[in-house]
Amino acid sequence: MIRVTSYASLTGSPINVDALRALLKDTLEQEKQEVLTFDAIQRAVAEHFDIRLADMTSKRRPQAIALPRQVAMYLCRRLTGASLPEIGHAFGKTHATILHAFRSIEKKSDTDPALRQNISQISRKLGKNVL
């Protein structure tokens, strides 16, 4: 509303549908964007790292599974407005595990360009940009 009234007072022109569309273009595009789900993030990460989707919630901890799982947890935290317990529930983990994964990936991505590139590729595939 502030944007519309400011435009009207500055230009002195009447507000019509076309002017509203132009003024509120950013807001309308944000509403059109699909809400990102935990499942979509888990699928994208599993596909990117070539692991089974079931490994995202399994108790197994080999490095080939643990790192992609942590990346998925990191992306869930960065790309959704969800709380740590909500993300934990989606992975079958505690909120402390999610926090550890988030901090771990954040730290590793600062020093590992390959990891940073993987995260960037996955987030672009999901239609977002994390890094």
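Conventions adopted
Within each chain, residues carry numbers counting from 1 in the order of the written sequence. Side-chain atom pairs in this predicted model are given and counted only at pLDDT of 80 or more, local residue features only at pLDDT of at least 70, and totals for whole chains, interfaces and linings cover all residues. As a convention, hydrogens and water are excluded, and side-chain values are obtained from all of the structure's heavy atoms. Counting from the N terminus, the helices are the DSSP runs of H or I reaching at least four residues and the strands are the DSSP runs of E reaching at least two. Atoms considered for the radius of gyration are the C-alpha atoms alone. The globule rule reads 2.2 Å times the number of residues to the power 0.38. When accessible area is computed with a 1.4 Å probe and restricted to protein chains, residues below 20% of their type maximum are described as buried, those above 50% as exposed, and intermediate ones as partly exposed. Shrake-Rupley sampling with a 1.4 Å probe provides the accessible areas, and residues are treated as covered by the protein chains on show and by no other component. Only four residue types enter the tally: Lys and Arg on the positive side, Asp and Glu on the negative side; His and the chain ends are excluded. Where a charge lies is defined by one atom per residue type, namely NZ (Lys), CZ (Arg), CG (Asp) and CD (Glu). Fitting a line to C-alpha atoms yields each axis, with helices limited to the stretch in contact; the angle taken between N-to-C directions then spans 0 to 180 degrees. With respect to orientation, any angle under 35 degrees is reported as roughly parallel, any angle over 145 as roughly antiparallel, any angle of 65 to 115 as roughly perpendicular, and every other angle as oblique. We call two residues in contact when some of their heavy atoms are within 4.5 Å. Side-chain classes are defined by residue name, with Ala, Val, Leu, Ile, Met, Phe, Trp, Tyr, Cys and Pro counting as nonpolar, Asp, Glu, Lys and Arg as charged, and the others, Gly among them, as polar. The term salt bridge refers to a side-chain nitrogen of Lys or Arg lying within 4 Å of a carboxyl oxygen of Asp or Glu. Here, nonpolar core refers to any group of buried Ala, Val, Leu, Ile, Met, Phe, Trp, Tyr and Cys residues whose side-chain atoms link them within 4.5 Å.

Draft legend 1. Region of interest: the overall build of the protein. When its secondary structure is counted, the protein shows eight helices and zero strands. The helix and strand sequence of the protein, counted from the amino end, reads α-α-α-α-α-α-α-α. Taking 131 residues into account, the globule formula puts the C-alpha radius of gyration at 14 Å, and the protein, at 20 Å, lies well above it. Principal axes of the C-alpha set define a box for the protein whose edges measure 65 × 30 × 25 Å. Expressed as a percentage of the 131 residues in the protein, the buried residues total 34%. When the accessible surface of the protein is totalled, it reaches about 8,500 Å², and 53% of it is carbon and sulfur. Between the centroid of the 20 positive side chains of the protein and the centroid of its 13 negative side chains there is a distance of 7 Å.

Draft legend 2. Inspection of the packing of helix α5 (residues 63-79) against helix α7 (residues 95-111) at higher detail. Across the interface, α5 lies against α7 with an axial gap of 8 Å and an inter-helix angle of 95°. When the axis of α5 is compared with that of α7, the two are roughly perpendicular. Each of L67, Q70, V71, M73, Y74, R77 and R78 in α5 lies in contact with α7, whose residues at this interface are T97, I98, H100, A101, F102, S104, I105, E106 and K108. A breakdown of the residues in the contact of α5 with α7 according to their chemical character gives eight nonpolar, four polar and four charged.

Draft legend 3. Representation of the pattern of salt bridges within the structure. All chains considered together, the criterion is met by five salt bridges. With its nearest N and O atoms 3.6 Å apart, the salt bridge here joins R21 to D18. Placement of the pair is R21 and D18 together in helix α2 (residues 17-23), with a separation of three residues, close to one helical turn. Summarising the burial analysis for this pair, R21 and D18 share the class exposed.

Draft legend 4. Main features of the nonpolar core. Counting 28 residues, the largest nonpolar core has I41, V45, V71, L75, F91 and I119 as the members making the most contacts within it. For this core, the secondary-structure elements that each account for two or more residues are α4 (38-49), α5, α6 (84-91), α7 and α8 (113-125). Ranked by residue count, the leading element in this core is α5, at eight residues. Contacts of V45, omitting those with residues within four sequence positions, involve M56, P68, V71, A72, L75 and I122.

Draft legend 5. Molecular detail of the side chain of S123. Of note, S123 is situated in helix α8. The class for S123 is buried, based on a relative accessible area of 0%. Ignoring anything within four residues of it in the chain, the contact list for S123 reads L75, K128, N129 and V130.

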